[in-house]
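# A closer look at the structure
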Amino acid sequence: MSRACSLFQLWHSPPNTRLLLSISKGPYLIPSARSYPGLCFCKGLQTSTYEVVKGSYVPTAQIKQEGKTEEKSPEILEGVGAFQKLPMVMPSVDILYSALRKAKKIAPTKGIANIAKRERNRGAKQLDALMKEIAVPLRTYSENFPNKKYLHPYERSLIELTLGDGNYEQVLGKVDALRKKVVSVGKEHASLCAKSTSKKEAETRLSEGLKKVEETYIRQGKYVDDLLHIAKTLRAMPVVDLETPTLCLVGAPNVGKSSLVRILSTGKPEVCNYPFTTRGILMGHIILNHETFQVTDTPGLLKRCDEDRNNLEKLTLAVLSHLPTAVLYVHDLSGECGTSPTDQFVIYNEIKEKFGDHLWLDVVSKCDLLQESPVLFATDNGDDNDLDLARYRKLGPEGALHVSVKNEVGLPELKRRVHELLNTQMTRIQSLETNQETLQVLT
């Protein structure tokens, strides 16, 4: 190796006029030869390591650095639809029985003649298989359920309001903790089984290990069932297409929103005469002139501050806050909905002030029940000095459309106005997308 290195140095060194060779018998000068100074060429040798990535050589350091960068900045989901990509969660009992059945079929490694060695090999392999058959699906759940903070704000709100704040992360954390515990117990008992000195001892340790892993899993298996319930709940949430115009019906409870949804769209919400009939976000579709639009029915709003609202009311606010919707605000001045016109007036003004940038259409429902004199509740003070309130009690907001689902009054005009509203919403969405594309080109 030293001779090859010397030849390599001589080849790349600048020549002089004489070469001095050192031989065991003594130094000799060879005339007419060229001398080469000794250079420490080894310092210039390349020490980088490479790996083959997609058919190309890439420095290992660069691969590690890119891996660290990806870990620090995970992908942020900008659109909606993450709930439909959730993995299918098996019931906890099915996971356990499937793992036990597969583990007990594991045979010892062929060629082991010694009975004790063969039995401890079989026991260690079965315990290791049981541990893996339980841990692999649990790891899949932990890795494939999305991190809430990287979801679209609308879906993040659905998780918080439907499941309770923090419950989603807590269940996922418990499932991952269960996986780690099963892995730890399984490895411990597999190691003990592998150290058995006799067949009987190996059989005993295998039985104890299977029982211990099973008990560990059953003790906290309910968290897997909780995750199954979460997956079913989230997967049943209506999917909203952000690029399709959406009409959102808003108003106090029992004012007739669901009845209008049934008239306008393919949605079939429950229609009953009691508050909070709508217990979640209901989605339907409107087909007008071969164009498809979305319509959503939301839970009713009561007269109270946002901090005191229940989760159903907060769902309505989440839709208005995070989705590009046009608003169809429904009023009931007949006195049958349970919320006085005065309270509806207060709610309406608060919502209109917060979300006035949305496209808007006011509708007074149940106009067949309206009387000549405004309806007054016992809680109303009867003060007519407020001209806006007095006008609202009688006719609703200025420019409101009066309709009656029962007598089919105003429904053709309502459908025409809704179509115009959604077409305008489509133009607004397209304009927003164009502006975003222009900004991306400029940046």
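## Here's the deal with the side chain of His419
With respect to the helices, strands and loops of the structure, His419 is situated in helix H13 (residues 411–442). With relative accessibility at 14%, the residue His419 sits in the buried group. In this view, His419 contacts Leu288, Asn289, Glu291 and Phe293; residues no more than four positions away in its chain are not counted.

## Looking at the packing of aromatic side chains
Here a ring pair, both rings aromatic, is described through the centre-centre distance and the interplanar angle of the planes. Counted under the stated rule, the structure contains 5 aromatic pairs. Aromatic side chains Tyr329 and Trp360 sit 6.0 Å apart centroid to centroid with 15° between the ring planes, which places their arrangement in the stacked category. Of the two residues, Tyr329 is situated in strand E8 (residues 325–332) and Trp360 in strand E9 (residues 360–365); the sequence distance between them amounts to 31 residues. Tyr329 gets classed as buried once you look at its relative accessible area, which sits at 3%. Take Trp360: its relative accessible area is 16%, and that puts it in the buried class. Here the aromatic rings of Phe345 and Tyr392 are separated by 5.1 Å at their centres, their planes lie at 55°, and the arrangement is tilted. Taken together, the residues span a long stretch of sequence, with Phe345 in helix H11 (residues 341–354) and Tyr392 in helix H12 (residues 387–395) at a distance of 47 residues.

## Examining the environment of Lys85
Its place among the elements puts Lys85 in the loop between helix H2 (60–72) and helix H3 (92–103). When the C-alpha atoms of Lys85 and Pro146 are compared, they prove to be 9.3 Å apart, with 61 residues separating the residues in sequence.

## A closer look at unusual backbone geometry
Although it is not a glycine, Asn254 adopts a positive phi angle of roughly 65°. One non-glycine residue with positive phi stands out, namely Lys366, at about 55°. Within the secondary structure, Lys366 sits in the loop between E9 and H12.

## Side note on the confidence of the model for the protein
In the predicted model, the protein carries a mean pLDDT of 82, and 76% of its residues have values of at least 70. When pLDDT is averaged over each element of the protein, H3 comes out on top at 97 and strand E1 (residues 19–23) at the bottom at 42. Low pLDDT, under 50, characterises residues 16–47; the predicted model gives this stretch 42 contacts beyond four residues in sequence or across chains. Below pLDDT 50 for its whole length, residues 270–277 participates in 21 contacts with residues either more than four positions away or in separate chains.

## Describing the packing of helix H9 (residues 257–264) against H13
Contact geometry of H9 with H13 gives a least axis separation of 11 Å together with a crossing angle of 80°. Judged by the inter-axis angle, H9 sits roughly perpendicular to H13. Note on element contacts: H13 touches H9 through Leu411, Leu414, Lys415 and Val418, opposite Leu260, Ile263 and Leu264. Considering only residue class, the contact of H9 with H13 consists of 6 nonpolar, no polar and 1 charged.

What counts, and where the lines are drawn
Residues numbered from 1 in each chain as written. Predicted model: local features only at pLDDT ≥ 70, side-chain atom pairs only at ≥ 80, totals over all residues. Heavy atoms only, no water. Helix = DSSP H or I, 4+ residues; strand = E, 2+ residues; numbered from the N terminus. Buried < 20%, exposed > 50% of the residue type's maximum accessible area, 1.4 Å probe, protein only. Contact = heavy atoms within 4.5 Å. Phe/Tyr/Trp six-rings, centres within 6.5 Å; stacked < 30°, edge-to-face > 60°. pLDDT = per-residue confidence, 0-100. Axes fitted to C-alpha atoms, helices over the stretch in contact; angles between N-to-C directions. Parallel < 35°, antiparallel > 145°, perpendicular 65-115°, else oblique. Nonpolar A, V, L, I, M, F, W, Y, C, P; charged D, E, K, R; others polar.

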